[in-house]
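Each chain, written out:
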Amino acid sequence: MRLFRPFLLVLLLLVMVSGCGYDENKGIFMAPGSYSDLAVVTSSDALAPLAQRFLETFNTTKTFVIKEEPTFLVDVFPTAKWDLAKGYKNSLILVRIGDGGPVEKMVRKSLPSETWDRLKSGAGGVVKLNDPWASYQLAVVVASRDRNNLGSLLTKNRTKIQEIFAESSQERILRRNRFEGLNLPLMEDHWQRFGFFMEVPLDFERIQFLPDGYQGIEMMKKGPSRGLTVTWRPSEDPVGELADIDALAAMRTELGERMHQEEMHPETFLWSAATLGQVECMRLEGAWTSRKFAGGGAFWCYFIPDPDRQRLYCLDLLVYAPGMDKMNFFRHLDAVASTFTTHRPQP
């Protein structure tokens, strides 16, 4: 049964435990599916309504042009079929200590004895399991002796739980990219020529390079089309310019005209403050329509100041995937964007 998709906990205890069989140097035995998939299991079927109520507020939606998509695609499994969660990249496991049964037995066996003892003796909490059954997995166990306390923990820590999944997904995507390979020559060229560093996956090809002298480059992965575009311009006060959203919108509009032959739709614009690495920046989400073909889609972009070089960057993420859900594609692009920096990381 595919439902909403979230579930978790945190309060007195947040523990990271590595699961069985993961080898940092191998990266094989990866769970199938996407980072949008979430399995939810409980130690008792009587906890299913509690899980459902939490999912209704936890699994927020994102609008891509006109279509809303949930953050997660959730499958809720009955207790007897909990082991189906082993095939998911994300899982949420809700345990009322004392229920007994296969789920509680599995959790107790997976945790260090001192962690389990702390869960039993206190007000419960959250245990974060990295790679519990395969690589690139996350399982979060929420446990308490009392059913009402489980509900309270979920409600109070909804935002924290969302952050745990988001941060872990980003980390696992980047870990997988590094295992499969990065385009190191391209990354070095960007640093030497233009003063920015970003981890570019090996399957992205640079398809535009300073077109007609415009300060910008575009990288693309096809099937479906996913684009990463970086443009920049001089700015005497790039940090202060982040407050001028009209100037930022004009910069993104010029990017669209010069590099994508596309038209922006300002009525769809959604602005928010963001951080990439340690740098505060501005984020813009919106919609575009192509002038080259009958189609369009969603974009996310970041405006990143570089005071040392007196430069303002625009890092644009674009997906063209007609008839397909966009959330997972943007999740991957956003992970790559998170590595953008104007200060080269040290090995």
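Data block above holds the structure.
Residues numbered from 1 in each chain as written. Predicted model: local features only at pLDDT ≥ 70, side-chain atom pairs only at ≥ 80, totals over all residues. Heavy atoms only, no water.

Scanning the model with the defined rule gives 23 aromatic pairs in all. When the ring of Phe58 is compared with that of Phe72, the centres are 6.1 Å apart and the planes differ by 10 degrees; the resulting orientation is stacked. Of the two residues, Phe58 is situated in helix H1 (residues 48-58) and Phe72 in the loop between strand E5 (67-70) and strand E6 (73-76); the sequence distance between them amounts to 14 residues. Each of the two residues, Phe58 as well as Phe72, counts as buried. Taken together, a centroid distance of 6.1 Å and an interplanar angle of 85 degrees make the contact between Phe269 and Phe299 edge-to-face. Note that Phe269 is positioned in the loop between strand E13 (262-264) and strand E14 (270-276) and Phe299 in strand E16 (residues 296-306), a separation of 30 residues in sequence. An identical accessibility class is assigned to Phe269 and Phe299; each is buried. An aromatic cluster is built from Phe194, Phe196, Phe209, Trp232, Tyr313 and Phe340, whose rings are joined through pairwise contacts. Sitting over the ring of Tyr35, Lys89 keeps its end group 5.3 Å from the ring centre. When the ring centre of Phe299 is taken as reference, the NZ or CZ atom of Arg252 above it lies at 4.3 Å. (Phe/Tyr/Trp six-rings, centres within 6.5 Å; stacked < 30°, edge-to-face > 60°. Helix = DSSP H or I, 4+ residues; strand = E, 2+ residues; numbered from the N terminus. Buried < 20%, exposed > 50% of the residue type's maximum accessible area, 1.4 Å probe, protein only. Lys NZ or Arg CZ within 6 Å of the ring centre and 35° of its normal.)

For the rest of this paragraph, the subject is the environment of Glu56. The topology assignment puts Glu56 in helix H1. The sequence separation of Glu56 and Glu262 amounts to 206 residues, and the corresponding C-alpha distance is 37 Å.

Now for the pattern of salt bridges. In the structure shown here, the tally under the stated rule is 17 salt bridges. Residues Arg233 and Glu241 are paired through a salt bridge, measuring 2.2 Å at the closest nitrogen-oxygen approach. Exposure remark for Arg233: the relative accessible area of 24% places this residue in the partly exposed category. A salt bridge links Arg258 to Glu254; the shortest N-O distance between them is 3.6 Å. Residue Arg258 and its partner Glu254 are located together in helix H8 (residues 245-260), separated by 4 residues, close to a single helical turn. Classification of Arg258 by relative accessible area gives partly exposed; the value is 37%. Judged by relative accessible area, which is 35%, Glu254 ranks as partly exposed. Ionic contacts of the salt-bridge type, sharing partners, join the residues Lys62, Arg283, Glu285 and Asp334 into one network. (Salt bridge = Lys/Arg side-chain N within 4 Å of Asp/Glu carboxyl O.)

Turning our attention to the pairing of strand E9 (residues 138-144). Within E9, 7 of the 7 residues are buried, which leaves the element mostly enclosed by the surrounding structure. With burial as the criterion, each face of E9 is covered, one bearing Leu138, Val140, Val142 and Ser144 and the other bearing Ala139, Val141 and Ala143. In this sheet, E9 lies alongside strand E7 (residues 90-96) in parallel orientation, the contact comprising 7 bridges. Counterpart to Val95 in the pairing with E9 is Ala143. Where strand E8 (residues 125-130) meets E9, 6 bridges bridge the pair, whose relative direction is antiparallel. By the bridge assignment for E9, Val126 is matched with Val142. (Pairing = 2+ DSSP bridges.)

Moving on, we come to the nonpolar core. Among the nonpolar cores identified, the biggest contains 35 residues, and Met219, Val230, Leu315, Leu317 and Phe340 are the most heavily contacted of them. Those elements that provide at least two residues to this core are helix H6 (184-194), strand E11 (216-221), strand E12 (225-234), E14, E16, strand E17 (311-320) and helix H9 (327-337). For this core, the element with the most residues is H9, which contributes 6 residues. When neighbours within four sequence positions are excluded, Met219 is seen to be in contact with Leu186, His190, Met198, Val200, Phe204, Glu205, Arg206, Ile207, Arg226, Gly227, Leu228 and Val230. By size, the runner-up hydrophobic cluster in this structure holds 22 residues, among which are Leu47, Phe54, Val142 and Phe165. (Core = buried A, V, L, I, M, F, W, Y, C linked by side-chain atoms within 4.5 Å. Contact = heavy atoms within 4.5 Å.)

Turning next to the packing of H1 against helix H5 (residues 158-180). Taken N-terminus to C-terminus, the directions of H1 and H5 make an angle of 75 degrees; their axes are 11 Å apart at the nearest point. Considering the angle they form, H1 stands roughly perpendicular to H5. Across the interface between the two elements, Phe54, Thr57 and Phe58 from H1 touch Arg158, Ile161, Gln162 and Phe165 from H5. By residue class, the composition of the contact of H1 with H5 is 4 nonpolar, 2 polar and 1 charged. (Axes fitted to C-alpha atoms, helices over the stretch in contact; angles between N-to-C directions. Parallel < 35°, antiparallel > 145°, perpendicular 65-115°, else oblique. Nonpolar A, V, L, I, M, F, W, Y, C, P; charged D, E, K, R; others polar.)

What follows is about H5. Residues lying three or four places apart along an α-helix face the same way, a consequence of the helix completing one turn every 3.6 residues. The first and last C-alpha atoms of H5 sit 33 Å apart over 23 residues, in line with the 33 Å expected at 1.5 Å per residue. Of all the residues in H5, the buried ones are Ile161, Ile164, Phe165, Ser168, Ser169, Arg172, Ile173, Leu174, Arg175, Arg176 and Asn177. With its phi angle positive at about 120 degrees, Gly181 sits one or two positions after the end of H5. (Expected span 1.5 Å × (residues − 1).)

This next bit is on the environment of Pro132. Tracing the chain through its elements places Pro132 in the loop between E8 and E9. The spacing of Pro132 and Leu92 is 40 residues in sequence and 12 Å in space, taken between C-alpha atoms.

What follows deals with unusual backbone geometry. Going from Gly223 to Pro224, the amide bond is cis rather than trans, its omega being -5 degrees. By the secondary structure assignment, Pro224 is in the loop between E11 and E12. Of note in the backbone geometry, Val65 takes a positive phi value of approximately 65 degrees without being a glycine. Mapped onto the elements, Val65 comes out in the loop between strand E4 (61-64) and E5. The phi angle at Tyr136 is positive, at roughly 65 degrees, despite the residue not being glycine. Note on placement: Tyr136 falls in the loop between E8 and E9.

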